[in-house]
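Coordinates in review
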Amino acid sequence: MTTLLTNAWILTLDDALTEHNPGWIQIDGTTITALGSGTPPSITGAEVVDCGGDVVMPGMVNTHCHMGMSVFRGLAEDVDDRLYRYILPLERKFVTAEMVRIGTTLSALELIQGGVTTVADMYYFETEVAEVCDTAGLRAIVGQTLADFDPPDHKDFDEGFARVDELVDRYRDHPLVTPSIAPHAPYSTGLKTMERIAQWSAYHPGVPVQMHLAESTLEVNWAQENHGKSTVAVTRDAGLLKPNLIAAHCLQLDDADITMMSEHQVCVATNPRSNGKAGRGIAPVEKMRNAGLPVGIGSDGAMSGNTLDLFSQFAPVSMFAKLLAGSRKPLPAVDVIRMATIEGARVLSLNLKTGSLETGKQADLIRISLAAPRLHPIYDPYSMLVFATMPDDVTDSMVAGRWLMRDRQVTTLDSGEALADANQIARQFKAEMARIDRL
Ligand SMILES: [Zn+2]
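Residues numbered from 1 in each chain as written. Predicted model: local features only at pLDDT ≥ 70, side-chain atom pairs only at ≥ 80, totals over all residues. Heavy atoms only, no water.

Quick word on the pairing of strand β3 (residues 31-37)
- Pairing of strand β2 (residues 19-28) with β3 involves six bridges; the strand directions are antiparallel. Across the sheet, G23 pairs through a bridge with S37, a residue of β3.
- Taking the residues that link successive antiparallel strands as the turn, the β2-β3 hairpin has two residues, and the phi of G29 there is positive, at about 65 degrees. (Pairing = 2+ DSSP bridges. Helix = DSSP H or I, 4+ residues; strand = E, 2+ residues; numbered from the N terminus.)

What follows is the structure, given as structure tokens:
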């Protein structure tokens, strides 16, 4: 099956930032087989899509998400101790395989509609997440979380490892879904278990490791009090600072930490909206990138950052860098879009498959309508994408040559059913919160 997209403003995000305008892309099966400017080839039997001058760019890469948590979106928004007062009790009582399936389905719809084609997830009951991503057609890194705070799907680390092994056994050869192991954070895993994970990881080099790292002062204090060093140094001592580590947040870092992370080729997922809303701090994105660390953009869970598309992250990620430096110059718009596409793919070790539009790569792409007055005039398409484009401007989405959305309609999932299921769970949460408030 050949698909030919024509009459498009193509942003390839290749190394030279090549644009084709007007341009065309030929897709055979799962793969981009040719692209260029000017007159498209004539191919008998091809599905030809005239893009009417719209932007076509690589599908975006959300490098840190908790898809199952969308059912917590907006819950107890401004309560300072909401994690211990509501979230953890609700997770213990209600987080089941079924709830994770419902939350993940809602998230998959939002991701597709927001122009995300690849997502890195870590939560519980991750075989459910893997199944939903498979059905949705999303490219995904799916990480089973391991934690010591009585999480909902394992009573101890042995059970947690058994869940990881099951996930890896089922999805090791899947074309879109990559299984992953996800220690929650250094303080909620502990040095001994991090060492065990590092050993496990050495036997499973193709399985990415995801972890929250240097996210809070609580974590920094834990590392100092228990080990007399930084949380990054503790992670290094455990053997977990390594090239396939996807470290989320990375807020509380000094220069020595950044050097250490650079020496071990760690990859970073920055989550500006989540961090800003929690008052946690600003990640030193420019410093990390200048030290050679690839930095992708993540939404975090909807409980923390509310939305899962990357457009909502662009203004804060850009503004935080400019505010830190007191200058308009840092983190230009084109770099933000690089982080959302090819650099994000690099963070997930998927950059040979996705993240840019190039011959031989997987056909993971989105089409963005230029109909909105808000987008015009366009001096710089990257500035337009970072500061003016909204998720609703994305009209079509394709992963590995398969359309996941046509003209805003997601073709792989039932949106009505997903909303009804999520709102049913929210009613249970509200009742339980009222019960907690009466205690
Ligand atoms: Zn997170």
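Quick notes on the coordination of the zinc ion
- Protein coordination at the zinc ion: the donors are H64 (NE2), H66 (NE2), H212 (NE2) and D300 (OD), at 2.1 to 2.3 Å from the metal.
- Taken together, the four donor atoms coordinating the zinc ion and their angles of 84 to 171 degrees define a geometry best described as irregular. (Donors = N, O, S within 2.8 Å, 3.2 Å for Na, K, Ca; no water. Tetrahedral: all angles 85-135°; square planar, octahedral: opposite > 155°, others 65-115°.)

Some thoughts on helix α14 (residues 333-340)
- With seven of its eight residues buried, α14 lies for the most part within the structure.
- Buried residues of α14: A333, V334, D335, V336, I337, M339 and A340, and no others. (Buried < 20%, exposed > 50% of the residue type's maximum accessible area, 1.4 Å probe, protein only.)

Some thoughts on the domain arrangement of the protein chain
- Taken domain by domain, the protein chain holds domain 1 (2-58 + 361-410) and domain 2 (60-347).
- Computed from C-alpha coordinates alone, the two centres of domain 1 and domain 2 are separated by 29 Å.
- With 29 residues of domain 1 at the contact, the number on the domain 2 side is 27 residues.
- Buried area between domain 1 and domain 2, both sides added, is near 2200 Å², and the carbon and sulfur share of it is 71%.
- At the boundary of domain 1 and domain 2, one finds one salt bridge.
- The salt bridge partner of R139 is D364, with a shortest N-O separation of 2.7 Å. (Domains from an automatic or database assignment. Contact = heavy atoms within 4.5 Å. Buried area = accessible area lost by both parts, 1.4 Å probe. Salt bridge = Lys/Arg side-chain N within 4 Å of Asp/Glu carboxyl O.)

Describing the pairing of strand β15 (residues 394-399)
- Along β15, six of the six residues are buried, which leaves the element largely enclosed by surrounding structure.
- Bridge count for strand β14 (residues 365-368) against β15 is four bridges, and the pairing is antiparallel. Along β15, the bridge assignment pairs I366 with S397.
- In terms of strand pairing, β15 meets strand β16 (residues 402-406) through three bridges, oriented antiparallel.

Focus: the packing of aromatic side chains
- One pass over the structure, following the stated rule, counts four aromatic pairs.
- Relative to F429, the ring of F94 has its centre 5.4 Å away and its plane inclined at 45 degrees; by these criteria the two rings are tilted. Here F94, found in helix α1 (residues 82-94), pairs with F429, found in helix α17 (residues 415-438); they are 335 residues apart in sequence, far enough to count as distant. No difference in accessibility class separates F94 from F429, as the two residues are buried.
- One aromatic cluster in this structure is built from F72, F94 and F429.
- Above the face of the W403 ring, R406 is positioned so that its terminal group lies 4.1 Å from the ring centre. (Phe/Tyr/Trp six-rings, centres within 6.5 Å; stacked < 30°, edge-to-face > 60°. Lys NZ or Arg CZ within 6 Å of the ring centre and 35° of its normal.)

A short note on helix α3 (residues 126-136)
- Counting buried residues in α3 gives eight out of eleven residues, a clear majority hidden from the surface.
- Residues E126, T127, E128, V129, A130, V132, C133 and A136 constitute the buried set of α3.
- Its buried side turned inward, α3 meets α2 (97-113), β7 (116-123), β8 (139-146), α4 (157-171), β9 (177-183) and β16.
- A positive phi of about 90 degrees marks G137, the residue just after α3.

Some thoughts on unusual backbone geometry
- Geometrically, the link from N21 to P22 is a cis peptide bond, its omega value of 0 degrees lying close to zero.
- Residue placement: P22 occurs in strand β2.
- For the bond from H376 to P377, the omega torsion is -5 degrees, close enough to zero to count as cis.
- Considering the arrangement of structural elements, one finds P377 in the loop between β14 and α16 (381-387).
- If you check the backbone angles, D150 has positive phi at about 55 degrees while not being a glycine.
- Take D150: its relative accessible area is 48%, and that puts it in the partly exposed class.

Comments concerning the packing of α2 against α3
- Close contact between α2 and α3 brings their axes to 9 Å; oriented N to C, the two are set at 35 degrees. At the point where α2 passes α3, the crossing takes the right-handed sense. Counted together, A97, V100, R101, T104, T105, A108 and I112 of α2 and E128, V129, E131, V132 and A136 of α3 form the full contact between these two elements.
- Residues belonging to the contact of α2 with α3 are distributed by class as follows: seven nonpolar, two polar and three charged. (Axes fitted to C-alpha atoms, helices over the stretch in contact; angles between N-to-C directions. Left-handed = near helix turned anticlockwise from the far one by under 90°. Nonpolar A, V, L, I, M, F, W, Y, C, P; charged D, E, K, R; others polar.)

Details of the environment of N62
- Among the secondary structure elements, N62 is positioned in strand β6 (residues 60-65).
- Considering only alpha carbons, one finds N62 and T3, 59 residues apart in sequence, at a separation of 26 Å.
- Aside from chain neighbours lying at most four places away, what touches N62 is L111, V116, T118, V119, A120, I297, G298, S299, L308 and L310.

Details of the nonpolar core
- Membership of the largest hydrophobic core comes to 120 residues, with the highest contact counts inside it found for F72 and F314.
- Examining the composition of this core, we find that eight residues originate from one element, α2, more than from any other.
- Each of domain 1 (2-58 + 361-410) and domain 2 (60-347) contributes no fewer than three residues to this core.
- Not counting residues within four places of it along the chain, the set of residues in contact with F72 comprises I87, L90, E91, V95, M99, Y123, M303 and F429.
- A8, I10, I32 and M398 belong to the second largest nonpolar core, which has 14 residues in total. (Core = buried A, V, L, I, M, F, W, Y, C linked by side-chain atoms within 4.5 Å.)

Brief notes about the pattern of salt bridges
- Under the criterion given, the structure shown has 27 salt bridges.
- Salt-bridge contacts for R338 lead to D335; the nearest nitrogen and oxygen are separated by 3.0 Å. Linking R338 with D335, this pair stays in helix α14, spanning three residues, or about one helical turn.
- The salt bridge partner of E432 is R435, with a shortest N-O separation of 3.0 Å. Residue E432 and its partner R435 are both found in helix α17; the two are separated by three residues, about one turn of the helix.
- Accessibility expressed as a relative area gives 36% for R435, which makes it partly exposed.
- One network of salt bridges, in which partners are shared, links R101, E128, E131, E166 and R170.

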